[in-house]
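Tertiary structure, described
Listed below, chain by chain, are the residues.
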Amino acid sequence: MLLKDQVALVTGGSRGIGRAIVKAYAAAGAKVAFVYRGSQAAADALVEEVTAAGGTIRACQGDVKEPTFANTLAEQLLKDWGRIDILVNNAGIIHDDLFVRMEPDDWFKVVHTNLDGTYLFCKAVAYPMMKQRSGRIINISSVAADHVNAGQTNYAASKGAVNALTRSLAVELGSRGITVNAIAPGFIATDMSEAIRNKAGDFIAKKLIPMRRLGEPEDIAAVALFLASPASAYLTGQVLTVDGGLSLGA
Ligand code: NDP
C-alpha cells in the first residue's frame, strides 16, 4: 500500500499506458480519478475492475485541451477528496505526416492535446499542491522528442516542450516539496502504436530494441509508481527514458 490514502489524477486513463498507471496506483492504495475523452466502454470496464478489487476510482469524461476542464475537475476533487497528491499528464495523440503535407489543424491538435493539456492540468494542481507543501507531477513524454522520426514534427515538438516544461516547473515548485518529472517511453504496445506495430513490430523488437521486445504499458506504470512513491522523494526535473534501450541506437 505504497500510496495509501493518496489522491491521484491521471489523464488519458481509459486505455493504454494511462490505464496501466490507474490500475497500479489503485492497487497501491490511492484514490484515483482518471480522465478520458470518448471511450466510454473502456472507462466503465476500468471502473468496474478497480472497484471489484476494492479500489476507489472515478471516471471523468472531458477533453484535456478544453481551457476550463482541468480547473473544474481539480476543484471538484479537492471538494470531494480533500487533496491532490499525484498528477499524471498522460493523455496524448499522434497525427503523423511529412512536414510539407502537415495541415495547421494536424499541428494544432497534437500540440494542444500533448502540450497545452499538460500545461492546463499542471496549472490546475500547482496551487493546491503548493498549499499542501507536497505533490508529484509526472508528465508522459516520448523518446521521439530527442530521437526523432520523419513525419512527427508536431509530436516531437510537443514532447520536447513537455520536457522543457518539466524541468522549468521542477525549479519553481521544488521549494514547496513538489517534484516534477517526465517519463519518455519507447515503443509501447498500445492502440497508439498499433498501425506501426502491425507493419514493423517484429523488426523493431528484434533489430532495434536491445531488450528484444516491445514495451508493455505495465513497464511504464512501474516507473510512474516509483515516481509517485517515497522512494523518489529527492528526484526532480528529470526525464526518465524507459525504452528497453531503443534510443541507444544499437
Ligand atoms: P492510447 O492512444 O492507447 O491512449 C490514449 C489515452 O489518452 C486514451 O485514454 C484517450 O482517451 C486519452 N486522450 C487522448 N486525447 C485526449 C483528450 N484530448 N482529452 C482527454 N483524454 C484524451 O495512447 P498510449 O497509451 O499509447 O499513450 C499514452 C501517452 O504515452 C501519450 O502521451 C503518448 O504520447 C505517450 N507515448 C506512447 C508511446 C507508445 O509507443 N504507445 C511511446 C511514447 C510515448 P479515449 O480512450 O477516451 O480516447
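Residues numbered from 1 in each chain as written. Predicted model: local features only at pLDDT ≥ 70, side-chain atom pairs only at ≥ 80, totals over all residues.

Around the ligand, a shell composed of 31 residues is seen, among which G12, G16, S39, G92 and T190 lie nearest. Mapped onto the shell around the ligand, the elements with two or more residues apiece are helix 1 (16-27) and strand 2 (31-36). In terms of residue count, helix 1 provides more of the shell around the ligand than any other element does, three residues in total. A per-class count over the shell around the ligand returns 12 nonpolar, 14 polar and five charged. (Near = placed C-beta within 6 Å. Helix = DSSP H or I, 4+ residues; strand = E, 2+ residues; numbered from the N terminus. Nonpolar A, V, L, I, M, F, W, Y, C, P; charged D, E, K, R; others polar.)

Attention shifts here to the UniProt feature "domain: Ketoreductase" (unreviewed entry) in the chain. The residues that UniProt annotates with the feature "domain: Ketoreductase" (unreviewed entry) are residues 6-186. Helix makes up 49% of residues 6-186 and strand 19%, whereas the separation of the span's terminal C-alpha atoms amounts to 29 Å. (UniProt positions renumbered as here; feature names shortened; annotations may be inferred.)

What follows is about the nonpolar core. Counting residues in hydrophobic clusters, the biggest one holds 70 residues, and the most contacted among them are A8, I21, Y25, V32 and A224. Among the elements that take part in this core, helix 4 (residues 104-132) stands out by supplying nine residues, more than any other. Those residues within four positions of A8 in sequence are excluded, and the remaining contacts are Y25, A30, V32, D85, I86, V88 and A228. (Core = buried A, V, L, I, M, F, W, Y, C linked by C-beta atoms within 7 Å. Buried ≥ 20, exposed ≤ 12 C-beta atoms within 10 Å, placed from the backbone. Contact = placed C-beta atoms within 7 Å.)

With their axes 8 Å apart at the nearest point, helix 1 and helix 7 (residues 217-228) run at an angle of 50 degrees to one another. Accordingly, the angle class assigned to the pair helix 1 and helix 7 is oblique. Crossing of helix 1 over helix 7 shows right-handed handedness. On helix 7, the residues touching G16, I17, R19, A20, I21, A24 and Y25 of helix 1 are P217, E218, I220, A221, A224, L225 and A228. Here the contact of helix 1 with helix 7 is composed, by residue class, of 11 nonpolar, one polar and two charged. (Axes fitted to C-alpha atoms, helices over the stretch in contact; angles between N-to-C directions. Parallel < 35°, antiparallel > 145°, perpendicular 65-115°, else oblique. Left-handed = near helix turned anticlockwise from the far one by under 90°.)

Here the focus is the sheet that holds strand 5 (residues 135-140). The strand order 3-2-1-4-5-6-7 describes an open sheet built from seven strands, whose pairing is parallel. Every other strand in the sheet has two partners, leaving strand 3 (56-61) and strand 7 (239-242) as the edge strands with one partner each. Taken pair by pair, the neighbouring strands of this sheet meet at an average axis angle of 15 degrees, ignoring direction. Two elements, strand 1 (residues 7-11) and strand 4 (residues 86-89), share three bridges in a ladder whose sense is parallel. By the bridge assignment, L9 is partnered in strand 4 with L87. (Pairing = 2+ DSSP bridges.)

Three or four residues apart is the spacing at which side chains of an α-helix point the same way, because the helix has 3.6 residues per turn. Compared with the 42 Å implied by 1.5 Å per residue over 29 residues, the 40 Å span of helix 4 between its first and last C-alpha is a close match. Positive backbone phi, at 60 degrees, marks R133, one or two positions downstream of helix 4. (Expected span 1.5 Å × (residues − 1).)

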